[in-house]
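Examining the three-dimensional arrangement
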Amino acid sequence: MGARDQGIVPARFELSGVAFDIAPLRTRLLDDRAGAYASFEGWVRDHNDGRPVRGLHYEAYAALAATEGQRIVEEAAVRFAITGVHCVHRTGELAIGDLAVWVGVSAGHRGAAFDACRFVIDEVKARVPIWKHERYADGDAGWLHPEPVAPAE
Amino acid sequence: MGARDQGIVPARFELSGVAFDIAPLRTRLLDDRAGAYASFEGWVRDHNDGRPVRGLHYEAYAALAATEGQRIVEEAAVRFAITGVHCVHRTGELAIGDLAVWVGVSAGHRGAAFDACRFVIDEVKARVPIWKHERYADGDAGWLHPEPVAPAE
Amino acid sequence: MATVRLLYFASLREAAGRDTEAVDSTAPDLTALYAEVAARHDLHWPRERLRVAVDGAFARWDDGLRDGSEVAFIPPVSGG
Amino acid sequence: MATVRLLYFASLREAAGRDTEAVDSTAPDLTALYAEVAARHDLHWPRERLRVAVDGAFARWDDGLRDGSEVAFIPPVSGG
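Before going into details, it helps to say that this report is about the structure given with it. (Residues numbered from 1 in each chain as written. Chains lettered and ligands numbered in written order. Predicted model: local features only at pLDDT ≥ 70, side-chain atom pairs only at ≥ 80, totals over all residues. Heavy atoms only, no water.)

A separate point is the overall build of chain C. Regarding its fold elements, chain C presents two helices and five strands. Ordered by position in the sequence, the α and β elements of chain C form the string β-α-β-α-β-β-β. Structurally, chain C occupies a C-alpha span of about 35 × 25 × 20 Å along its principal axes. Evaluated residue by residue, chain C yields a buried proportion of 51% over its 80 residues. (Helix = DSSP H or I, 4+ residues; strand = E, 2+ residues; numbered from the N terminus. Buried < 20%, exposed > 50% of the residue type's maximum accessible area, 1.4 Å probe, protein only.)

Helix and strand counts for chain A stand at four helices and nine strands. Starting at the N terminus and walking to the C terminus, you meet the elements of chain A as α-β-α-β-β-β-α-β-β-β-α-β-β. Its C-alpha radius of gyration of 16 Å places chain A within 12% of the 15 Å reference for a compact globule of 153 residues. Among the 153 residues that make up chain A, the fraction classed as buried is 56%. For chain A, restricting intrachain contacts to residue pairs at least 6 apart in sequence, the fraction spanning at least 24 positions comes to 79%. Within the structure as shown, chain A displays about 6300 Å² of accessible surface, and the carbon and sulfur contribution to it stands at 52%. (Rg over C-alpha atoms; globule rule 2.2 N^0.38 Å. Contact = heavy atoms within 4.5 Å. Areas by Shrake-Rupley, 256 points an atom, 1.4 Å probe, with all protein chains shown as cover.)

Before going further, it helps to examine the pairing of strand 8 (residues 130–136) of chain A. Residue and element names in this part refer to chain A. By the criterion of burial, strand 8 is predominantly enclosed, with six of the seven residues buried. Here strand 4 (residues 51–60) runs beside strand 8; their pairing, made up of seven bridges, is antiparallel. Within strand 8, the residue paired with His 57 across the bridge is His 133. In this structure, strand 8 lies alongside strand 9 (residues 141–144), joined through four bridges in antiparallel fashion. Counterpart to Glu 134 in the pairing with strand 9 is Gly 142. Taken together, strand 8 and the strand that follows it, strand 9, pair antiparallel across an intervening segment of four residues, in which Gly 139 is found at a positive phi of about 95°. (Pairing = 2+ DSSP bridges.)

Time to look at helix 4 (residues 110–127) of chain B. A rise of 1.5 Å per residue sets the reference length of helix 4 of chain B, with its 18 residues, at 26 Å; its end C-alpha atoms lie 25 Å apart and thus fit the reference within 8%. Within helix 4 of chain B, the full set of buried residues consists of B:Arg110, B:Gly111, B:Ala112, B:Ala113, B:Phe114, B:Ala116, B:Cys117, B:Phe119, B:Val120, B:Ile121, B:Val124 and B:Arg127. (Expected span 1.5 Å × (residues − 1).)

Glancing now at the relation of the copies chain A and chain B. Between chain A and chain B, the superposition needs a rotation of 180° and an axial shift of 0.0 Å, giving an RMSD of 0.0 Å. Taken together, these values place the two copies in the relation of a two-fold axis. It is A:Ser39 whose C-alpha, among those of chain A, lies nearest the rotation axis, at 2.6 Å. With an isologous cut-off of 70% or more, the 100% of interface residues of chain A that recur at the interface of chain B puts this contact in the isologous class. (Least-squares fit on C-alpha atoms with pLDDT ≥ 70 in both.)

If you look at the interface, chain C gives 23 residues, while chain B gives 25 residues. Summed over both partners, the interface of chain C with chain B buries about 1900 Å², with 57% contributed by carbon and sulfur atoms. Three residues, C:Val77, C:Ser78 and C:Gly80, lead the burial of chain C against chain B; their summed loss comes to 32% of the area buried on that side. Here chain C and chain B share two salt bridges between them. Between C:Arg49 and B:Glu147 there is a salt bridge, and its shortest N-O distance comes to 3.6 Å. At the boundary of chain C with chain B, the tally comes to 15 residue pairs in polar contact (both at pLDDT 80 or more). Counting only elements with at least two residues in the side of chain C that touches chain B, the list comes to helix 1 (10–16), strand 3 (51–54), strand 4 (57–59) and strand 5 (70–74) of chain C. Element by element, the count of residues in the side of chain C that touches chain B is highest for helix 1 of chain C, at four residues. Class assignment of the residues belonging to the side of chain C that touches chain B gives a composition of 13 nonpolar, five polar and five charged. (Buried area = accessible area lost by both parts, 1.4 Å probe. Salt bridge = Lys/Arg side-chain N within 4 Å of Asp/Glu carboxyl O. Polar contact = N/O pair within 3.5 Å; in protein donor to acceptor, adjacent residues only side chain to side chain. Nonpolar A, V, L, I, M, F, W, Y, C, P; charged D, E, K, R; others polar.)

If you want it as structure tokens, here you go:
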């Protein structure tokens, strides 16, 4: 893609301690050269592994999460023919239905947009030092520390 | 997924002769059971196959497009573990940067959301009777009728 | 003899110079109907590149003509 | 002897009962440092399940201790 050849693909990762609006972030990815936009949102579900969930909390090692997240979006900009990529991950207290993470990718064609979007969320889940603490309806609570080789969802 | 087991996955396809807002359509896909949302947007690019594009027009065989599009989203609801799917395709006159097509999918997990979203846009492009008429910067114009076995983008 | 309404879209519409017309035909099937129509309007699309629909649903080329039906010849699509 | 600041997160933080502490250690590398810390705080995470970071960047377990650095033991992550 022209954008990649010119080395000017905007690639940005951020942590946010508060709820954020996707609309203005999406608008910044609009590009007259781009014919495709793929996005992913992770929402807080009302259950996990069959247990009713009441709410959750994300803790981050902020300094390392910011650098590792930025590395991931920059890897995506190199690996895929895209025109822009942005990811924002929440920290702090979240309720059912709240937006936990957003990834937006613009590209010339849809294949690269989908592939880069999937790459970013997969890598963020695997590599960025953020931990989920779930509170269950039965009063129990706990940190999620998935097995290293988790089955693909 | 529970939603699929219960046979109540909302699946909807529409044509729109005018610009439409994505936000309320996305909101209708929110679901407390859903942890993942994937979306795709097709935008009008300023070029195609190296030729500068000034604008375009989509013509549809509306009756057949509506039934074939609806069949596609219902196929997606059966094939993938999703909680909702919606696709809207524009017809009529569009300018550079305008939204041509939107697909939104909610699901328990991200794999199904991405796969269903990709399935819907691929099938819509291959099967729904909608035709693109491009106007080029050099004054030329023409209908796009891709070869049946187009290379994957 | 069946009377059918033909619909044309995109470049087929431009080539035929109309978006619809009523035709009376004795063609035994949709393949033969397209051959008649292509000859009359000088359409250059080979049938193998087209699909055919009857009354808003995809049909088979060897389907017979139903009197009063609406028949559309579908050139390769380019939505999305 | 190096003085380093340790950071704990998630269940490691709960097990250690603190989110940070300063320690003086003669451990030759980060592997040995974690062994010391795990014994003192009764941490049950095997080192193989953890990653280690120094001054905000992932590090190797056989890296030596840098005096004045910040060391974090990273349990399996669960963002997204």
